[in-house]
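Listed below are the residues making up each chain.
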Amino acid sequence: MKTEPSTFSLDDLVASPEQTTMWEGVRNYTIRNWMRDDMAVGDEVLFYHSSCAVPGVVGLAEITRTAYPDPTQFDPASHYFDPKSDPADPRWLVVDVRFVRRLERTITLAELKARADELDDFLLVRRGNRLSVMPVTDAQWTAILALEATG
DNA sequence: GCCAACGTTGGC
DNA sequence: GCCAACGTTGGC
């Protein structure tokens, strides 16, 4: 899961009540469907910082609540307000995400790109990808976290 | 249903 | 700040 640290960082997650946050503001149908269909309580998350000096994976988190309606879509004061969303059939969903641990070091985007062959078409390093949430296979997870120790 | 225009993402 | 890539919108 990507986030801009200037908006919501791993530190912000740590500082959140119960070190847990609602992953609000997803406005992409592909991601909405993954959240709805594929995210389960206990699923592990790579916490990724984007649009910053050194983009990369900085920590681990986990899903603590499955998809439910994103309240920001009904809040006219919210940046994420969606007047086309019907409260009887909410268009946008959130999941809850809880902090697990910081990585010992940032696993940078540059490293992930350099090892793209080992990561078996990891969406994050695919050209042109703009999704802010994306699935990670077990093999990719293992390969990525192996970098933490080895550099 | 096509597709051009527009807005957003996000690395650099 | 630039710009490539891609999703969304809306005219037709």
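In what follows, the structure referred to is the one given above.
Reading guide: rules and limits
Residues numbered from 1 in each chain as written. Chains lettered and ligands numbered in written order. Predicted model: local features only at pLDDT ≥ 70, side-chain atom pairs only at ≥ 80, totals over all residues. Heavy atoms only, no water. Helix = DSSP H or I, 4+ residues; strand = E, 2+ residues; numbered from the N terminus. Rg over C-alpha atoms; globule rule 2.2 N^0.38 Å. Buried < 20%, exposed > 50% of the residue type's maximum accessible area, 1.4 Å probe, protein only. Contact = heavy atoms within 4.5 Å. Areas by Shrake-Rupley, 256 points an atom, 1.4 Å probe, with all protein chains shown as cover. Lys, Arg positive; Asp, Glu negative; His and termini not counted. Charge placed at Lys NZ, Arg CZ, Asp CG, Glu CD. Near = heavy atom within 4 Å. Polar contact = N/O pair within 3.5 Å; in protein donor to acceptor, adjacent residues only side chain to side chain. Nonpolar A, V, L, I, M, F, W, Y, C, P; charged D, E, K, R; others polar. 1 Å grid on protein atoms, 1.4 Å probe; cavity = no way out; pocket = protein on both sides within 12 Å on 5 of 7 lines; lining within 4 Å. Points joined across faces, edges and corners; volume = space filled by probe spheres on them.

### Here's the deal with the overall build of chain A
Phase 1: What chain A contains, in helices and strands, is four helices and five strands.
Phase 2: Secondary structure elements of chain A occur, N-terminal to C-terminal, as β-α-β-α-β-β-β-α-α.
Phase 3: Relative to the globule expectation of 15 Å for 151 residues, the C-alpha radius of gyration of chain A, 16 Å, shows essentially globular dimensions.
Phase 4: Reported as C-alpha extents along the three principal axes, the dimensions of chain A are approximately 50 × 30 × 30 Å.
Phase 5: Here chain A holds 151 residues, and 42% of them are scored as buried.
Phase 6: In chain A, once contacts between residues fewer than 6 apart in sequence are set aside, the share between residues at least 24 apart is 70%.
Phase 7: Summing over all exposed atoms, chain A offers an accessible surface of approximately 8500 Å²; the carbon and sulfur share of this is 49%.
Phase 8: Each charge class in chain A can be summarised by its mean position, and for the 16 positive and 24 negative side chains these summaries are 6 Å apart.

### A few points about the protein's contact with DNA strand C
Phase 1: Contacts to DNA strand C come from Tyr29, Arg127, Gly128 and Arg130.
Phase 2: Counting only the atoms of DNA strand C that lie within 4 Å of the protein, the sugar and phosphate share comes to 74%.
Phase 3: A distance of 2.9 Å separates a base oxygen of DNA strand C from a polar atom in the side chain of Arg130.
Phase 4: Residues belonging to the surface near DNA strand C are distributed by class as follows: one nonpolar, one polar and two charged.

### Some words on the side chain of Thr108
Phase 1: With respect to the helices and strands, Thr108 occurs in strand β5 (residues 93-108).
Phase 2: A residue is classified by how much of its surface remains accessible, and Thr108, at 17% relative accessible area, is buried.
Phase 3: Excluding residues that lie within four positions of it along the chain, Thr108 makes contacts with Val54, Pro55 and Gly56.

### Structural notes on the layout of surface pockets
Phase 1: Space inside the largest pocket adds up to approximately 690 Å³.
Phase 2: Every residue lining the largest pocket is counted, 19 residues in all, and those nearest its centre are Lys2, Glu24, Gly25, Tyr80 and Ser132.
Phase 3: Tallied by class, the residues present in the lining of the largest pocket amount to seven nonpolar, seven polar and five charged.
Phase 4: Approximately 480 Å³ is the volume attributed to the second largest pocket.
Phase 5: What lines the second largest pocket is a set of 21 residues, among which Glu44, Val45, Met134, Pro135 and Val136 lie closest to the centre.
Phase 6: Among the secondary structure elements, those contributing two or more residues to the lining of the second largest pocket are α2 (29-38), β3 (44-49), β4 (56-69) and α4 (138-150).
Phase 7: If one sorts the elements of the lining of the second largest pocket by residue count, β3 sits on top with four residues.
Phase 8: Class assignment of the residues belonging to the lining of the second largest pocket gives a composition of 15 nonpolar, one polar and five charged.

### Here we look at the protein's contact with DNA strand B
Phase 1: Around DNA strand B, the surrounding shell consists of Lys2, Tyr48, Ser50, Ser51, Pro55, Leu109, Lys113, Arg130, Leu131 and Ser132.
Phase 2: Of what DNA strand B places within 4 Å of the protein, 72% of the atoms are sugar or phosphate.
Phase 3: In the model, a phosphate oxygen of DNA strand B is placed 2.9 Å from a nitrogen or oxygen of the Tyr48 side chain.
Phase 4: Within the surface near DNA strand B, the residues separate by chemical class into four nonpolar, three polar and three charged.

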